[in-house]
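# Commentary on secondary and tertiary structure
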Amino acid sequence: MAALLIGLVSMKKALSALIIPTLCLSCALCSCAPAESEANDQFFAMETIMTNKAFGSNAQAALDEINAKAKKLDALLSVTNENSEVYALNSGETLSPSGDTYQIIEQSAELCKFTDNKLDITAYPVLKAWGFTTQSYRIPSQAELDRLLESVGTENICLEGSEINLKNNAQIDLGATAKGYLADRAIEILDESNVSSALLNLGGTIAARGKKPGGEEWKIGVADPENSSSYFGFLDLSDKIAATSGGYERYFVGDDGETYIHIIDPKSGRPVKNGTVSVTAISESGIKSDALSTALFVAGAQEAEKIRERDGKAFDYIILTDNNSLFITKGISDSFRLAEGFDDIKINVVQ
């Protein structure tokens, strides 16, 4: 996941393998409930740090359950853990997987189709070829990409009864939807625990449950990619989930001097280079927001609105392009404000 930024992205800074969460909690901007009602939890899962906050008598128990759920999903969905169900699928096995694994693959495949496969969870072999899964970066030949693309496509995911298998040497990676799926499960846990006020930072996917104690909406800061410790803008959020994708998270500069980002166009097999800098998608569904943040990045600003119209405008987005233009949907335009020092951004409200 990623964040919004101003102007052209500077990709000269070195990034660690751990992706810094890009939608950051902005507690410094708001008053908090009395300390005795507040519960906090921070842990590492899904290759990122997750920082959660909740209020109420059952808040700590709910956060503990979310912690356990995140680690369980991590173990099930990892592409590198030889004991995971996804690893087994990618190794050619036919599985009757756990309910979570089945549901996230089924939902992810449906979202891929909805976006005309602008996001495709079967593009994992292509991602590996570029070295983004191992940090052993390289530029694959077009012949290699063409061969790998023969196995890319959600039609290669076979869901029959309770079983799943992958045909045509396909392999999947759920990195673009796993945190969103976790967010949905986390909201269920909060509801079952009667926790109506919480803010969950699941490594760049932010779930806002209800409002802050006192009735104000949660305020989240959107990190500036040029300096991830500062904010590009702020968004008021309640009962929504926001997820962001950006090209500056993971990238490398090739021997040819070109910059290659980790977001792959499933049609070409090459890193996206369409002028999009970052995309934030906001909806009531975590997995939907997560999937759309990547799909809209691949689609670009013009195609993004076509996807939104096809969905009955049931989600919102914030898209920043490399010519310093920001496209924000009307539904959230009044809830977003630029941070001080970023007034040169040109804001375009999408109806």
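It should be noted that the structure appears before, not after, this text.
Read on for an overview of the structure. The structure displayed is predicted, hence computed values, not measured ones. (Residues numbered from 1 in each chain as written. Predicted model: local features only at pLDDT ≥ 70, side-chain atom pairs only at ≥ 80, totals over all residues. Heavy atoms only, no water.)

### Structural notes on the side chain of Asp41
One can find Asp41 in strand S2 (residues 38–45). One buried charged residue, Asp41, forms no salt bridge at all, with the nearest opposite charge on Lys71 at 6.9 Å. Only 3.0 Å separates the side chain of Asp41 from the side chain of Asn67, close enough to count as a polar contact. In contact with Asp41, other than residues within four places in its own chain, are Met50, Thr51, Asn52, Leu63 and Asn67. (Helix = DSSP H or I, 4+ residues; strand = E, 2+ residues; numbered from the N terminus. Buried < 20%, exposed > 50% of the residue type's maximum accessible area, 1.4 Å probe, protein only. Lys, Arg positive; Asp, Glu negative; His and termini not counted. Salt bridge = Lys/Arg side-chain N within 4 Å of Asp/Glu carboxyl O. Polar contact = N/O pair within 3.5 Å; in protein donor to acceptor, adjacent residues only side chain to side chain. Contact = heavy atoms within 4.5 Å.)

### Overview of the sheet that holds strand S17 (residues 346–350)
Pairing in this open sheet of 9 strands is mixed, and the strands run S2-S3-S6-S7-S10-S13-S14-S15-S17 from one edge to the other. Since the sheet does not close on itself, it has two edges, and those belong to S2 and S17, each with one partner. The average angle at which neighbouring strand axes cross in this sheet is 10 degrees, direction not considered. The pairing of strand S14 (residues 316–321) with strand S15 (residues 325–329) spans 3 bridges and is antiparallel. Residue pairing for S15: Leu320 is matched across the bridge by Leu326. Sitting on the sheet, helix H1 (residues 59–77) touches S2, strand S3 (48–55) and strand S6 (197–201), and the angle it makes with S2 is about 10 degrees. (Pairing = 2+ DSSP bridges. Axes fitted to C-alpha atoms, helices over the stretch in contact; angles between N-to-C directions.)

### Comments concerning the pairing of strand S10 (residues 240–246)
S10 sits mainly inside the fold: 6 of its 7 residues count as buried. Across 4 bridges, strand S7 (residues 205–209) lies against S10 in antiparallel orientation. Note on S10: the bridge partner recorded for Ile206 is Ala242. In terms of strand pairing, S10 meets strand S13 (residues 276–283) through 6 bridges, oriented antiparallel. Within S13, the residue paired with Gly246 across the bridge is Ser278.

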